[in-house]
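# Breakdown of the fold
Chain by chain, the residues:
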Amino acid sequence: MDSLNTPAAMRQKIYVDTGNLLPCAAKKDGSYHPQDEALRGFKWRIGSWKKNRQDIDSQSGNHTGEKNQSNQDDLMMMENNNKFEGNDTSNQSILFIRPSDDETNKSPLLAVDNEKRENSRIMVKLFLYSEDQSAIEDAIDTILDRFNTSYIDTVILALPSPGKELCPDRIRRTWSQAEQALRYRVKDIGMSDLDTDQLIDLHSFATIKPTSNQVNLEMCCSIPEKMSEFSHERGIKILTHSDPIDFLPIDQFHELLRDCSINKVERWQRLWVARYTSIHDHKGIVMCKGYVLSAEQK
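Thresholds applied
- Residues numbered from 1 in each chain as written.
- Predicted model: local features only at pLDDT ≥ 70, side-chain atom pairs only at ≥ 80, totals over all residues.
- Heavy atoms only, no water.
- Buried < 20%, exposed > 50% of the residue type's maximum accessible area, 1.4 Å probe, protein only.
- Helix = DSSP H or I, 4+ residues; strand = E, 2+ residues; numbered from the N terminus.
- Arc of directions from axis to C-beta.
- Contact = heavy atoms within 4.5 Å.
- Polar contact = N/O pair within 3.5 Å; in protein donor to acceptor, adjacent residues only side chain to side chain.
- Phe/Tyr/Trp six-rings, centres within 6.5 Å; stacked < 30°, edge-to-face > 60°.

What follows covers helix 6 (residues 196-205). Of all the positions in helix 6, only Thr196, Gln198, Leu199, Leu202 and His203 are classed as buried. What you see down the axis of helix 6 is that its buried residues fit within an arc of 165°, all on one side. The exposed residues of helix 6 that point more than 90 degrees off its buried face are Asp197 and Ser204. Those residues of helix 6 that are buried are in contact with helix 5 (168-182), strand 5 (186-192), strand 6 (212-216), helix 7 (225-234) and strand 7 (237-241). Between a side-chain oxygen at the N-terminus of helix 6 and the backbone nitrogen of Asp197 the separation is 3.2 Å; the capping residue is Asp195.

The next point concerns helix 8 (residues 250-259). Along an α-helix, residues three or four apart share an orientation, since each turn contains 3.6 residues. For helix 8, the full list of buried residues reads Gln252, Phe253, His254, Leu256 and Leu257. One or two positions beyond helix 8, positive phi appears at Ser261, with a value near 70°.

Okay, the packing of aromatic side chains next. Each aromatic ring pair is characterised by the separation of its centres together with the angle its planes make. Enumeration over the complete set of coordinates arrives at 6 aromatic pairs. Consider the rings of Phe127 and Phe247, whose centres lie 4.3 Å apart with planes at 15°: the pair is stacked. You can see Phe127 sitting in strand 3 (residues 120-128) and its partner Phe247 sitting in the loop between strand 7 and helix 8, a full 120 residues away along the chain. Overall, the relative accessible area of 2% leaves Phe247 in the buried class. When the ring of Phe147 is compared with that of Tyr276, the centres are 5.4 Å apart and the planes differ by 90°; the resulting orientation is edge-to-face. Residue Phe147 is found in helix 4 (residues 133-147), and its partner Tyr276 is found in strand 8 (residues 268-280); the two are separated by 129 residues along the sequence.

Shown next, in the form of structure tokens:
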């Protein structure tokens, strides 16, 4: 029997949180391209998790190679516990691969006290692969939980659409979802990779106006004059970035799943990837930078 089909209502989900990459071994080779940085961070975190599990199994006398045939397509370990207080996860089997509490406490600003929070800015770029509103809510809940804070300063929404132009309906639909999900929890909301017409349309449509738009200078060597004029008149910041359109390509995603001992990777889908950064507001020093991946079984 295929264990992935029993019980029918049970959903399997996975989160991988790199933790703060600034001081960790994942950056020792000096590569700073965002996509490479994220992939190495995820693989480093998964590798650390697997080693810890092997150490635990060794101490307890268990052997990870002795697997029940009916469970061979499942994750190595699925934790049935509430991710956030009050959330009903009774129909979900969830695996968290993230820093230990001890590691988090040693990492700058991953556990934020009120005094530090007032002097810091937390910024998130959210790459949305799922069009479900719950994906936005889940991502923000995850980041708030990791930083132990009640709000995020800036969230930039990115809609991966490799090989095709962003549909205006999807932009509007995503923005409406964000307005509901982020209200009172995020100070500023922006978008990534909108062209001039898309930015004008969104600004006209939005109840909560976008405060920024990120432009990839590899795709556009200079800011269009019309966009620059419109943004200046409306108080919208035009920022630049070097992220690829598809931040976590499907082949890399499948590679990470195999690292987690998932065999039938085609049964899984990306929900979102978030890059979180905290900066000391007065000194301009980056104190923390990391990534979170969320995926679920189709």
